[in-house]
Every structure is written in C-alpha cells, then in structure tokens.
Number of protein chains: 2
Amino acid sequence: MPPPSKTDDTGIEALIELMARLPGLGPRSARRAVLVLLKKRGQLMAPLAQALAKVALTAKDCRVCGNISTSEVCAICADPARAIGEICVVEDVADLWAMERGQVFRGRYHVLGGTLSALDAIGPDELGIPRLVARVAEDGISEVILALNATVDGQTTAHYIADALAGTGAQITTLAQGVPIGGELDYLDDGTIGAALRARRRI
Amino acid sequence: MPPPSKTDDTGIEALIELMARLPGLGPRSARRAVLVLLKKRGQLMAPLAQALAKVALTAKDCRVCGNISTSEVCAICADPARAIGEICVVEDVADLWAMERGQVFRGRYHVLGGTLSALDAIGPDELGIPRLVARVAEDGISEVILALNATVDGQTTAHYIADALAGTGAQITTLAQGVPIGGELDYLDDGTIGAALRARRRI
C-alpha cells in the first residue's frame with residue numbers, strides 16, 4: 001500500500017520501495033521507517049543518506065581475501081602482525097566479523113561470499129575457490145581452517161574445499177562442534193549432543 | 001556487537017548505528033541490512049542514499065495542514081477540486097495516507113503530529129490546535145471530522161479538540177466505530193461489539 005500519488009513528486013514512494021528491499025523490512029514496516037525518517041529529517045535522514053553514500057563510494061572488496069575494505073587490500077591482510085601461514089575460510093563478511101569478535105584467530109581470511117549451490121548456479125569459480133587454492137600453494141600456507149556454517153550447504157562446501165586443497169600440503173581443519181558456552185543440554189538437539197560426546201576430551 | 005574496529009574507516013559502524021535507530025530494526029538486524037546493502041552497493045545502496053538525500057532535501061511540512069510536501073502548501077491543500085468546508089483531523093501523516101487510500105474523503109486535512117501527552121510535554125500548541133481553531137473560524141469550515149486513533153490518547157485529544165472548536169459553529173464529527181469489513185465477530189473485542197451494537201442501523 002503506497003502513499004497516495006499526490007506525494008509522488010517528493011520521492012517518498014520510491015524511498016519506501018527501496019527500504020522494503022532490506023531484510024527484516026516489508027512494505028508496511030518500510031513505510032513506518034520512512035515516516036520516522038521524515039519526522040527526523042535533520043537528525044536521522046540526512047546523516048543516514050550521507051553515511052550510505054560514503055560507504056557506497058568507499059567500500060570495496062579486498063583483492064586478497066574478499067573482506068569489505070576502503071583500500072585494495074583490507075586492513076587484516078595488510079596487518080604484518082597477523083600470521084601469514086593460517087587462512088580461515090568463512091562464508092560471509094558477517095562471519096568474518098563474528099570471528100574477529102571472538103578475538104582468538106590471529107591469521108588471515110578468505111571470504112567465499114556464499115556456499116556452493118547448483119540451484120542458484122553458484123560454483124567454485126563464483127566463490128573464488130581456485131583463487132584460494134592458488135593462494136594456499138603460492139604463499140606456503142600451513143593451515144586452512146574451514147569456519148563454514150554447520151548447515152548442509154556449509155558442510156558440502158567445506159568438503160569440496162577440503163578436496164580441492166588436498167594436494168597443497170596444507171593442514172585442513174574445521175571448527176569444533178559441541179555444547180556452546182552457557183548452553184543447556186536440555187535445549188540442545190541430539191546431533192549436537194552426539195557430536196560433543198564423540199569429541200569428548202579429558203579434563 | 002559492532003564489526004571489528006579494523007573496518008571503522010569505511011564508516012560501516014556509523015551506518016549500522018544509524019540504521020539501528022529505525023523502527024523495526026535493532027543492532028543485529030541493522031547489521032544484517034547493512035551487509036545486504038554492502039553486497040548490493042550498486043543496485044540498492046547507492047539508489048537508497050540518493051533517494052534519502054532527495055527526500056531529506058525536498059520534503060517539508062505543508063504550511064496549512066502539516067502534510068509532507070515538496071512545496072510550501074501541499075498538493076491536497078492546493079487542489080481546487082477538494083472541498084474547502086471539511087477538515088479531517090488526523091494524528092499523523094501515516095493516517096492521512098490511510099484516509100487517502102480509502103478514497104472516500106474529498107475535503108482537506110489537519111495533521112496534529114501526535115496526541116496530547118502531559119508526560120512528553122506535548123500540549124495544544126505542539127499539535128497546532130490553536131492554528132486549527134483559527135483556520136476553522138477564518139475559512140468558515142462547516143465540518144471537522146476527528147479521525148484520531150481509537151486509543152486512550154487519541155480519544156483524549158479528540159475530546160480536547162471538540163471542546164476547543166465548540167465556539168466556531170462547525171459541526172464536529174468522529175469516525176464510526178463498529179465491525180471492520182471482513183471482520184469476524186469471534187475475533188473482535190467486547191468493546192467493539194458493544195459499540196457496533198449501540199450504533200446498529202436498519203438495513
């Protein structure tokens with residue numbers, strides 16, 4: 001339900017349509033968001049327009065790992081303090097951010113930008129897997145950590161990458177599966193409990 | 001949970017904070033929305049920035065009724081085909097849009113921009129009620145339709161406006177209450193059923 005055509009010339013309708021394409025916002029909530037923006041034109045709408053324009057203009061994909069960056073090579077790839085020998089493979093920039101929040105991994109990344117999907121015609125080339133294999137071979141990478149989501153697509157992609165890297169001599173590892181910190185057994189699915197039991201360790 | 005500080009210089013963190021201030025989006029869903037925007041920099045992010053900047057620059061409040069417009073006087077107030085003698089009082093521009101979608105009302109509007117609220121220090125002056133009273137008296141308005149929300153705040157404000165307009169000679173009316181079109185009695189609250197019964201009419 002768009003606003004009446006009388007307000008078309010303000011571009012409000014076009015704005016609502018664009019906002020409705022964001023995840024988590026439908027046509028109705030996009031209209032509500034636009035009304036809030038209209039009420040706060042100075043404090044919120046203008047700064048948001050500027051912030052979007054700035055990011056749209058400056059953000060680019062890192063040539064090496066696929067992370068979002070302002071430069072050709074991202075800050076992580078350019079950081080001499082990060083271990084060169086370890087590459088962590090993640091599906092998405094969001095996963096890279098999640099790994100960085102963990103503050104444990106001190107190596108570098110490879111962002112796939114998705115998972116293998118025959119339905120969506122996403123093959124190894126779209127995910128930069130040949131580029132990853134070349135990088136592992138050329139840079140003498142000692143360990144590749146596959147930090148893909150524990151979903152069917154994620155695990156299928158992980159197996160494909162493990163196969164592709166088999167000849168490079170790098171050690172291929174994956175994140176441990178088990179009980180999350182703070183997790184209650186009662187609320188965990190059987191698969192997780194089984195995986196945690198199989199991977200049990202001495203304390 | 002912001003992205004790591006390494007990406008600060010791209011303005012992504014500032015963008016996420018601004019997005020999180022929209023209704024319906026929290027810090028987490030704002031980050032998700034920004035990641036989608038980052039993936040669609042050309043098709044979505046840049047057009048959205050332009051649409052926001054355009055609306056922020058051109059939209060202003062109509063001097064007469066408070067509607068959002070590109071000109072000093074909005075298209076509805078400037079339309080000679082709309083009845084001058086009828087004013088529909090609404091809380092918000094969203095309510096004006098809802099009324100216009102109904103395509104029944106052919107008069108003009110007065111947008112309050114909220115309801116009376118002692119807690120939030122919103123009095124009659126903030127809602128432009130003295131301006132409404134002057135407009136009703138000066139323009140010889142014959143009917144003022146109070147189309148406020150059927151909430152406590154809305155009804156309090158409606159009663160205040162009805163009192164304020166008592167001396168102007170204009171007829172004060174309010175929207176009918178009853179069963180919504182397509183509504184099922186079983187799902188309606190008792191208050192609505194009672195109101196619909198009291199206002200029953202011959203068919």
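Residues numbered from 1 in each chain as written. Chains lettered and ligands numbered in written order. Predicted model: local features only at pLDDT ≥ 70, side-chain atom pairs only at ≥ 80, totals over all residues. Heavy atoms only, no water.

Draft legend 1. Spotlight on the packing of aromatic side chains. One pass over the full model with this rule turns up two aromatic pairs over all chains. Residues F105(A) and Y109(A) carry aromatic rings whose centres are separated by 5.3 Å and whose planes lie at 70° to one another, so their mutual orientation is edge-to-face. (Phe/Tyr/Trp six-rings, centres within 6.5 Å; stacked < 30°, edge-to-face > 60°.)

Draft legend 2. Broad picture of the domain arrangement of chain A. If you check the domain split of chain A, you get domain 1 (10-58) and domain 2 (68-202). One C-alpha centre belongs to domain 1 of chain A, the other to domain 2 of chain A, and the line joining them spans 34 Å. (Domains from an automatic or database assignment.)

Draft legend 3. Looking closely at the relation of the copies chain B and chain A. With an axial shift of 0.1 Å and an RMSD of 0.1 Å, the rotation relating chain B to chain A amounts to 180°. On the angle and the small slide along the axis, the relation comes out as a two-fold axis. The position closest to the rotation axis in chain B is occupied by the C-alpha of A49(B), lying 2.3 Å away. An overlap of 100% is found between the interface residues of chain B and their copies at the interface of chain A, pointing to a shared contact surface. (Least-squares fit on C-alpha atoms with pLDDT ≥ 70 in both. Contact = heavy atoms within 4.5 Å.)

Draft legend 4. Representation of the packing of helix α3 (residues 41-58) of chain A against helix α1 (residues 12-19) of chain B. At a closest axis distance of 9 Å, the pairing of α3(A) and α1(B) adopts a crossing angle of 145°. Note that α3(A) runs across α1(B); the crossing there is left-handed. On α1(B), the residues that touch L44(A), P47(A), L48(A), A51(A), L52(A) and V55(A) of α3(A) are I12(B), L15(B), L18(B) and M19(B). In the contact of α3(A) with α1(B), the residues fall into ten nonpolar, no polar and no charged. (Axes fitted to C-alpha atoms, helices over the stretch in contact; angles between N-to-C directions. Helix = DSSP H or I, 4+ residues; strand = E, 2+ residues; numbered from the N terminus. Left-handed = near helix turned anticlockwise from the far one by under 90°. Nonpolar A, V, L, I, M, F, W, Y, C, P; charged D, E, K, R; others polar.)

Draft legend 5. Fine view of the pairing of strand β4 (residues 108-111) of chain B. Residue and element names in this part refer to chain B. Across the two faces of β4 the burial is the same, with R108 and H110 and Y109 and V111 all buried. Relative to β4, strand β3 (residues 86-90) is paired through four bridges, and the arrangement is parallel. Directly across from V89, in β4, lies its bridge partner H110. Crossover β3 to β4 through helix α5 (residues 93-102) is right-handed. (Buried < 20%, exposed > 50% of the residue type's maximum accessible area, 1.4 Å probe, protein only. Pairing = 2+ DSSP bridges. Right-handed = clockwise from strand over helix to strand, strands pointing away.)

Draft legend 6. Fine view of the sheet that holds strand β6 (residues 171-174) of chain B. Residue and element names in this part refer to chain B. Strand order in the open sheet made by the four strands is β4-β3-β5-β6, with parallel pairing throughout. Looking at which strands have only one partner, the edges of the open sheet turn out to be β4 and β6. Each adjacent strand pair in this sheet contributes to an overall mean axis angle of 25°, direction not counted. Each of β3, β4 and β5 (143-146) touches helix α6 (residues 129-138); the most contacted strand, β4, lies at about 155° to it.

Draft legend 7. Examining the sheet that holds strand β4 (residues 108-111) of chain A more closely. All names here are of chain A. Here we have four strands laid out as an open sheet, ordered β4-β3-β5-β6, and parallel in their pairing. At either end of the open sheet lies a strand with only one pairing partner, and these are β4 and β6 (171-174). With strand direction ignored, the average angle separating the axes of adjacent strands in the sheet is 25°. The sheet contact formed by strand β3 (residues 86-90) and strand β5 (residues 143-146) spans four bridges and is parallel. Residue pairing in the sheet places V89 in a bridge with L146 of β5. Contacts between helix α6 (residues 129-138) and the sheet are confined to β3, β4 and β5, with β4 contributing the most and set at about 155° to the helix.

Draft legend 8. A look at the environment of R131(B). All names here are of chain B. By the element assignment, R131 lies in helix α6. For R131, a relative accessible area of 39% translates into the label partly exposed. The spatial distance from the C-alpha of R131 to the C-alpha of V64 is 9.0 Å, given a sequence separation of 67 residues. When neighbours within four sequence positions are excluded, R131 is seen to be in contact with R63, V64 and H110.

Draft legend 9. Geometry of the pattern of salt bridges. Per the stated rule, a full pass over the model turns up eight salt bridges over all chains. In this structure, K39(A) engages D92(B) in a salt bridge whose closest nitrogen and oxygen atoms are separated by 3.2 Å. Taken together, the positions of K39(A) in helix α2 (residues 27-39) and D92(B) in the loop between β3 and α5 put the pair across two chains. The salt bridge partner of R63(A) is E72(A), with a shortest N-O separation of 3.7 Å. (Salt bridge = Lys/Arg side-chain N within 4 Å of Asp/Glu carboxyl O.)

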